[in-house]
Amino acid sequence: MKEDHGNDFPRGPGKPQHHAAGLPAVASAMRHALTQMGPKRTLSTLTRLNQHHGFDCPGCAWPDPEGHRNAAEFCENGAKAVAEESTKARATPHLFDRHSVADMEAHSDYWIGKLGRLTEPLYVAPGDTHYRPISWDNAYQLIADRLQELNSPDESIFYTSGRTSNEAAFLYQALVRAMGTNNLPDCSNMCHESSGSALGETIGIGKGSVTLEDIHDADLLVVVGQNPGTNHPRMLSALDIAKSRGAKIISINPLPEAGMTRFNNPQTPRGMLGLGRELCDLHLPIKLNGDLAFFQAVNKRLIERDQVDHSFIERHTDGFEALTGHLTDLDPDVVHRATGLSEAQIDAFTAYAAGSKRTIVCWAMGLTQHKNSVATIREVVNFLLLRGNIGRPGAGVCPVRGHSNVQGDRTMGIFERPAEKFLDRMQETLGFPMPREHGVDVVHAIRAMRDGKAHVFMAMGGNFLSAAPDTEATAAALRSCRLTVHVSTKPNRSHLVHGREGLIIPTLGRTERDTRGGKDQFVTVEDSMSAVHASSGTLDPASPDLRSEVQILCDLAMHTVGDVGVLRWRELADDYDRIRDLIQQAIPGFDRFNERIAEGFTLPHPPRDELKFNTKTGKARITVNKLAVLEVPQGAIILQTLRSHDQYNTTIYALNDRYRGIHAGRRVVMVNPDDMAELGVAEGDIVDLLGIADDGVTRHADRFRVISYPTSRGSAAAYYPETNPLVPLDSTADISGTPTSKSVIVRMVPSAPVAAGVAATVGSAGDSA
């Protein structure tokens, strides 16, 4: 893979921006859209994006407003996501004829992502060097043959990314379970699995409890472990509305982020002129992995100062006395060592919390990707329950999902550990037995492939290799498979690290017209706040040979399990209403699905709707969580992996991070200047990052430029997927199994000179195309 050298490193550090959006965001979005799509396609897509009777953004899962919507109901990164999918570039078989797999693998993720839309199924045979065209029927039959050769269906893995529609996800899990396995890992395993684990235990449902209107009406919004300006930019508009109504907003994050400082709303003349609104009332630069200690310190203060809602606690919770006793011995020195925050900073936050009648806590990967993530989120729930802030308008939990239908996929049954009640309903609806043994999540799937226990890997969307931890281990696992299959819109790195045989199955994008059975079909998605709505593309398909995910799954089913139970695959492929009829029978909350979807609807949420908690005790559970401080050896530092502003998950839009003042490259490590002095590195030094783990494996990501940045002491940051090789496969969150991508302990050592043409290791690609 290409490596950065000398003058290939990013320019910087520039001056980080202290505001988000505004005219620069509009200019960046339009420049990207026009370059990728041209004027006509730009107009026809962006005017339908997130609109009634339009298509849902293929980016993040932030909800759309009810009723009136702006003419431009999208953000900078949403426009870029659409442009990437609707690009005029085409990755035809001729491209794969010119470039061998090894040649393509040597390029960066950025280069691969600009190759364009896939147009035909492609196959790489054992020992071959190139992907070559294959017919649809032969591709399906190859998958069927390799599955038939397995000793057990549990030797196959069926992964799902968060862009798959409800209809496709429902059919996917039905097909996989008809084969006889629950091996349905998904991208949630790597992101909000910790949220679902903690919320399911404490409030009885693993989803957020707030609506968009709650965000607008909150007195206090706490944004912790999240960077809305880059990862969920439309959230800033909601925060702006809340701020205009008098809300206080607090950011708890190791890095100060532009979006939380000042927001220039591009939907308003003032915002376009750069006369936006200050959003953040208080920023707490917490040390990585310090959030559990922080919320315990806050909860201890609320209890000791009798600033809790005793009536709510008595009627709706259990565990309060145990928590009170547990926090009595909380050591302030331990809290300071874990958080890096002063007593005065924690007191200031507590005063805001005590003065708020309606508080919402929003979070993302900054909370979910640590060993103690589930405990941390349980403590966040404690914080809200102590003052009655669940089941009240303008209050609640808000885990912000990062992929457009990742929550919907889980609702549809994409889960390796389904509840017996879910399987019972599915079996009753579909008319065939469901497998009852739990399957594997992402980490266990990688182990199974690595250890020769799984031989066929199929991914419904996504870029599994670049999203997963421990890139070298994941690559070796994929290469050990007999067959790897990827259903994708564009080429990505996972296609290039294939099994003995490899298939790429091209599919329609969210923006494209899906015509089956003589009419245009539509699909549905569920956003971060449990709202379900329709999505229908408008563009002609990138190739007349493309098929939808629904059709691909129905075709594959006919080659594998055939019609089974009530599933008549040909009929389902020709009429998506029939799929929704099955969903409404099998999945609670979807009654009259086809009738209600024209206007959209919100799924039931018992804690929000009726203060009902489906827990073991029938009450919301206040929990006791053991505090352990992450110990860092002398000469090392905690690293978090994160996105740049010109990035969506593993898709690299460009090589800039405008809000952080970094341009023309990605191989940087952001370090507090005091930490730089203590660790003996200087601004501009080129260093290798060496992972420190308990398993004895040496992990490294080479040749990063050190940049001075105002992150919290003891906390460094660098972009993924470049730093995913440092995340140990076996380092996961307790209970949820989520990789600990925000708690990576590393040393920085001077890089050795690299001769031109020397290949780097898998996953450490540079940025030059």
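Below is a short write-up of the structure.

What counts, and at which threshold
- Residues numbered from 1 in each chain as written.
- Predicted model: local features only at pLDDT ≥ 70, side-chain atom pairs only at ≥ 80, totals over all residues.
- Heavy atoms only, no water.
- 1 Å grid on protein atoms, 1.4 Å probe; cavity = no way out; pocket = protein on both sides within 12 Å on 5 of 7 lines; lining within 4 Å.
- Points joined across faces, edges and corners; volume = space filled by probe spheres on them.
- Helix = DSSP H or I, 4+ residues; strand = E, 2+ residues; numbered from the N terminus.
- Nonpolar A, V, L, I, M, F, W, Y, C, P; charged D, E, K, R; others polar.
- Pairing = 2+ DSSP bridges.
- Expected span 1.5 Å × (residues − 1).
- Phe/Tyr/Trp six-rings, centres within 6.5 Å; stacked < 30°, edge-to-face > 60°.
- Buried < 20%, exposed > 50% of the residue type's maximum accessible area, 1.4 Å probe, protein only.
- Axes fitted to C-alpha atoms, helices over the stretch in contact; angles between N-to-C directions.
- Core = buried A, V, L, I, M, F, W, Y, C linked by side-chain atoms within 4.5 Å.
- Contact = heavy atoms within 4.5 Å.
- Parallel < 35°, antiparallel > 145°, perpendicular 65-115°, else oblique.
- Left-handed = near helix turned anticlockwise from the far one by under 90°.
- Salt bridge = Lys/Arg side-chain N within 4 Å of Asp/Glu carboxyl O.

1. Focus: empty space enclosed by the protein
- Under the criterion given, the structure shown has five cavities of 30 Å³ or more.
- Looking at the second largest cavity, its volume works out to about 120 Å³.
- If you go around the second largest cavity, you meet 17 residues; those closest to its centre are Cys57, Gly59, Cys60, Cys75 and Gly78.
- Within the residue set of the lining of the second largest cavity, elements represented by two or more residues are helix 2 (76-85) and helix 10 (228-231).
- Ranked by the residues each element gives to the lining of the second largest cavity, the list is headed by helix 2, at three residues.
- For the lining of the second largest cavity, the residue count by class is nine nonpolar, six polar and two charged.

2. What about the pairing of strand 28 (residues 686-691)?
- Sheet analysis places strand 28 next to strand 29 (residues 699-708), joined by five bridges and oriented antiparallel. Looking across to strand 29, one finds that isoleucine 686 is bridged to arginine 705.

3. Regarding helix 7 (residues 166-179)
- Over its 14 residues, helix 7 runs 20 Å from end to end, which matches the ideal 20 Å to within 8%, given 1.5 Å per residue.
- Phi turns positive, to about 110°, at glycine 180, one or two residues after helix 7.

4. Concerning the layout of surface pockets
- Empty space within the largest pocket amounts to approximately 1,600 Å³.
- Where the lining of the largest pocket is concerned, the elements lending two or more residues are helix 8 (193-202), helix 21 (406-411) and helix 22 (420-430).
- By residue number, the principal contributor to the lining of the largest pocket is helix 8, which donates five residues.
- Tallied by class, residues from the lining of the largest pocket come to 11 nonpolar, 14 polar and 10 charged.

5. Concerning the packing of aromatic side chains
- Scanning the model with the defined rule gives 14 aromatic pairs in all.
- Pairing phenylalanine 158 with tyrosine 172 gives two aromatic rings, centres 6.2 Å apart and planes at 85°, and the pair type is edge-to-face. Here the residue phenylalanine 158 occupies a position in strand 6 (residues 156-160), and tyrosine 172 occupies one in helix 7, the gap between them amounting to 14 residues.
- On the basis of relative accessibility, which here comes to 1%, the residue tyrosine 172 falls in the buried class.
- Summarising the aromatic geometry, the rings of phenylalanine 590 and phenylalanine 601 are spaced 5.8 Å apart at their centres and angled 85° between planes, so their arrangement reads as edge-to-face.

6. Looking at the sheet that holds strand 29
- Sheet architecture is closed into a barrel: six strands sit in the order 24-30-27-29-28-31, paired in mixed fashion. Between one strand axis and the next, the sheet turns through 45° on average, direction left out of account.
- Taken together, the two bridges between strand 27 (residues 668-671) and strand 30 (residues 715-719) define a ladder with antiparallel strand orientation. Following the sheet pairing, valine 669 is matched in strand 30 by alanine 718.

7. Some remarks on the nonpolar core
- Residues Phe170 and Leu503 are the most contacted members of the largest nonpolar core, which totals 60 residues.
- Top element by residues in this core is helix 7. It accounts for nine residues.
- Among all residues touching leucine 503, those that are not within four sequence positions of it are Leu122, Tyr123, Tyr131, Ile134, Ala139, Leu142, Ile143, Leu483, Thr484, Val485 and His486.
- Among the nonpolar cores identified, the runner-up in size contains 46 residues, and Leu220, Ile303, Val380 and Val397 belong to it.

8. Digging into the packing of helix 8 against helix 20 (residues 373-386)
- Contact pair helix 8 / helix 20: the axes reach a minimum separation of 8 Å and the direction vectors enclose 45°. Between helix 8 and helix 20, the angle falls in the class oblique. Read as a crossing pair, helix 8 and helix 20 show a hand that is right-handed. Residues Ser194, Ser195, Ser197, Ala198, Leu199, Glu201 and Thr202 of helix 8 lie in contact with helix 20, whose contacting residues are Ser373, Val374, Ile377, Arg378 and Val381.

9. Considerations on the sheet that holds strand 22 (residues 601-602)
- One open sheet accounts for three strands, arranged 20-21-22; its pairing is antiparallel. Where the open sheet ends on each side, the last strands, each with one partner, are strand 20 (523-526) and strand 22.
- Where strand 21 (residues 531-535) meets strand 22, two bridges bridge the pair, whose relative direction is antiparallel. Looking across to strand 22, one finds that valine 532 is bridged to phenylalanine 601.

10. Topic: the pattern of salt bridges
- Within this structure, the stated rule accounts for 59 salt bridges.
- Of the charged contacts in the structure, one is a salt bridge between arginine 516 and aspartate 574, with a shortest N-O distance of 2.8 Å. Within this pair, whereas arginine 516 is found in strand 18 (residues 515-516), its partner aspartate 574 is found in helix 28 (residues 569-574), the two being separated by 58 residues in sequence.
- We classify aspartate 574 as partly exposed; its relative accessible area is 32%.
- Across the pair aspartate 577 and arginine 580 runs a salt bridge, and its minimum N-O distance is 2.7 Å. Remark: arginine 580 and aspartate 577 occur in helix 29 (residues 576-586); sequence separation between them is three residues, near one turn of the helix.
- Through salt bridges with shared partners, one network takes in Glu167, Lys519, Glu571, Asp575, Asp577, Arg578 and Arg580.

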